[in-house]
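# Reading the structure
Now for the letters of each chain:
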Amino acid sequence: MWDALRLDVRHSFRSLRRAPAFSLIVVVTLTLAVGATTAVFSLLHAVVLRTLAVPSPEELVVVSIAGPGANGDGDFYADTFKALGATQRSFAELSMYAGGGLARVETRSGVFENAVTEYVSPSYFDMVGARAAAGRFFNDSDDAVVVISEAYRRRIFGNAVGIGEAIRFNAVPATVFGIAGDGFDGLQFDSTVPSLFVARVDSSAAWRNTYLYYER
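Sequence order sets the numbering: in each chain, residues are counted from 1 along the sequence as written. Since the coordinates come from a predicted model, pLDDT governs what is reported: local features require at least 70, and pairs of side-chain atoms require 80 or more to be given and counted, while whole-chain, interface and lining totals use all residues. Side-chain measures were taken over the full set of non-hydrogen atoms in the model, leaving aside hydrogen atoms and water.

### Observations regarding the overall build of the protein
Short version of the rule: Secondary structure counts use DSSP, requiring at least four H or I residues in a row for a helix and at least two E residues in a row for a strand, with both numbered from the N terminus. Relative accessible area decides the class of each residue, using a 1.4 Å probe on protein chains only: under 20% of the type maximum gives buried, over 50% gives exposed, and in between gives partly exposed. In this analysis, two residues are considered to be in contact whenever any of their non-hydrogen atoms come within 4.5 Å of each other. The Shrake-Rupley method, run with a 1.4 Å probe, gives the accessible areas here. Residue values count only the displayed protein chains as cover.
A count of helices and strands for the protein gives 5 helices and 11 strands. Looking at the 216 residues of the protein, the share that counts as buried comes to 32%. The contacts in the protein between residues at least 6 apart in sequence include a share of 69% that link residues at least 24 apart. Total accessible area computed for the protein in this model is approximately 13000 Å², and 58% of it derives from carbon and sulfur atoms.

Laid out in structure tokens, this is it:
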């Protein structure tokens, strides 16, 4: 069998050498076909097959506000969220959420980076099953605090723990309160993994969306 295989491979290379133009066309065609197949599968995986790394992702739903005659989503205020939480009976956990944007981050050592950011209320981390690798997640009494991912801690602080470090995001001073453990990718469907989780407990803050975790 091996002798026959060697002869077949040798014969194939000789045939390709005799017709270099044809060989080039075959190689380019195969490369394009493999690339197109990979791209289609990657899109299918991101849109259809991939699920969020949260407990029971099929039970995670989003509620948005649409004003009369509005073409898009309206703003959701924290006071509205609290009123909804006090009266609803369908959802086990609720969290304010606005994600996918970029924040300009500056550290005391002069590191400047654009970090993918999720603005969340304190209940968010329990809702999505996140675990802290160091420090803690924020609560309703915390102000001007952020949680960063483990990968982002390594990138901007190196071997330093990072807890208690002062940073500025979009020129706003804040303190690093906690480090989200490796493997937590937030609620982004694409390859954009958040690096920064910012507490927003101000009742006057406007949110574009609210995520609710539904327990059947």
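### Things to note about the packing of aromatic side chains
Two aromatic rings, taken as a pair, are described by how far apart their centres are and by the angle between their planes. Here is the rule we go by: By convention, a stacked pair of Phe, Tyr or Trp rings (six-membered ring in the case of Trp) has centres within 6.5 Å and planes under 30 degrees apart, an edge-to-face pair has planes over 60 apart, and any other such pair is tilted.
All chains considered together, the criterion is met by 8 aromatic pairs. Centre to centre, the rings of Y124 and F125 are 5.3 Å apart; their planes meet at 80°, and the pair counts as edge-to-face. Among the residues examined, F125 registers a relative accessible area of 1% and is labelled buried. Look at F125 and F138: their rings are 5.3 Å apart centre to centre, the planes differ by 75°, and that puts the pair in the edge-to-face class. Pair noted here: F125 is in helix 4 (residues 124–127) and F138 is in the loop between strand 5 (132–135) and strand 6 (145–149), with a separation of 13 residues, a long-range link. Here F125 and F138 have matching classes, each one buried. In this structure an aromatic cluster arises from ring pairing among Y97, Y124, F125, F137, F138, F184 and F197.

### Some points on unusual backbone geometry
One non-glycine residue, N170, lies in positive phi territory at about 50°. Considering the arrangement of structural elements, one finds N170 in the loop between strand 7 (166–169) and strand 8 (172–180). Its relative accessible area of 38% is what places N170 among the partly exposed residues.

### Section: the environment of E150
Note that E150 resides in helix 5 (residues 150–157). You can call E150 buried: its relative accessible area is 14%. Placed 45 residues apart in sequence, E150 and S195 show a C-alpha to C-alpha distance of 8.3 Å.

### As for the side chain of T117
In this fold, T117 is placed in strand 4 (residues 112–120). Exposure remark for T117: the relative accessible area of 1% places this residue in the buried category. T117 has contacts with A98, G99, G100, G101, L102, A103, L196 and V198, leaving out every residue within four places of it along the chain.

### Thoughts on the pairing of strand 4
Inclusion rule: Two strands are said to pair when DSSP picks up at least two bridges between them.
In the sheet, strand 3 (residues 91–107) pairs with strand 4 via 9 bridges, with the strands oriented antiparallel. Its bridge partner lying in strand 4, A98 is registered against Y119. Pairing of strand 4 with strand 9 (residues 196–199) involves 4 bridges; the strand directions are parallel. Among the inter-strand pairings, T117 is bridged to a residue of strand 9, identified as L196.

### Quick notes on the nonpolar core
Heads up, the condition is: As used in this record, nonpolar core signifies buried Ala, Val, Leu, Ile, Met, Phe, Trp, Tyr and Cys residues forming a set joined through side-chain atoms within 4.5 Å.
In terms of nonpolar packing, the biggest core is built from 18 residues, with Y124, F125 and V128 touching the most fellow members. When residues of this core are traced back to their parent elements, those giving at least two are helix 4, strand 6 and strand 9. For this core, the element with the most residues is helix 4, which contributes 3 residues. Once residues lying within four places of it in the same chain are set aside, the contact partners of Y124 are S95, Y97, E118, F184, G186, L187 and F197. Of all hydrophobic cores here, the second largest spans 15 residues; its members include A103, Y152, F157 and I179.

### Focus: a positive patch on the surface
For clarity, the threshold we go by: Here a patch means residues that are over 30% exposed by relative accessible area and free of salt bridges, tied together within 9 Å if like-charged and within 5 Å if nonpolar (Val, Leu, Ile, Met, Phe, Trp, Tyr). Salt bridges are identified by distance alone: a Lys or Arg side-chain nitrogen within 4 Å of an Asp or Glu carboxyl oxygen. Just so you know, the count uses Lys and Arg for positive and Asp and Glu for negative, and it drops His and the chain ends. To locate a charge, the coordinates of NZ of Lys, CZ of Arg, CG of Asp or CD of Glu are taken.
On the surface, a cluster of positive charge is made up of R10, R14, R17 and R18. Mapped onto the elements, R10 comes out in helix 1 (residues 2–18). Given the relative accessible area of 45%, R10 is considered partly exposed.

Any link to function would need more than the numbers given here.
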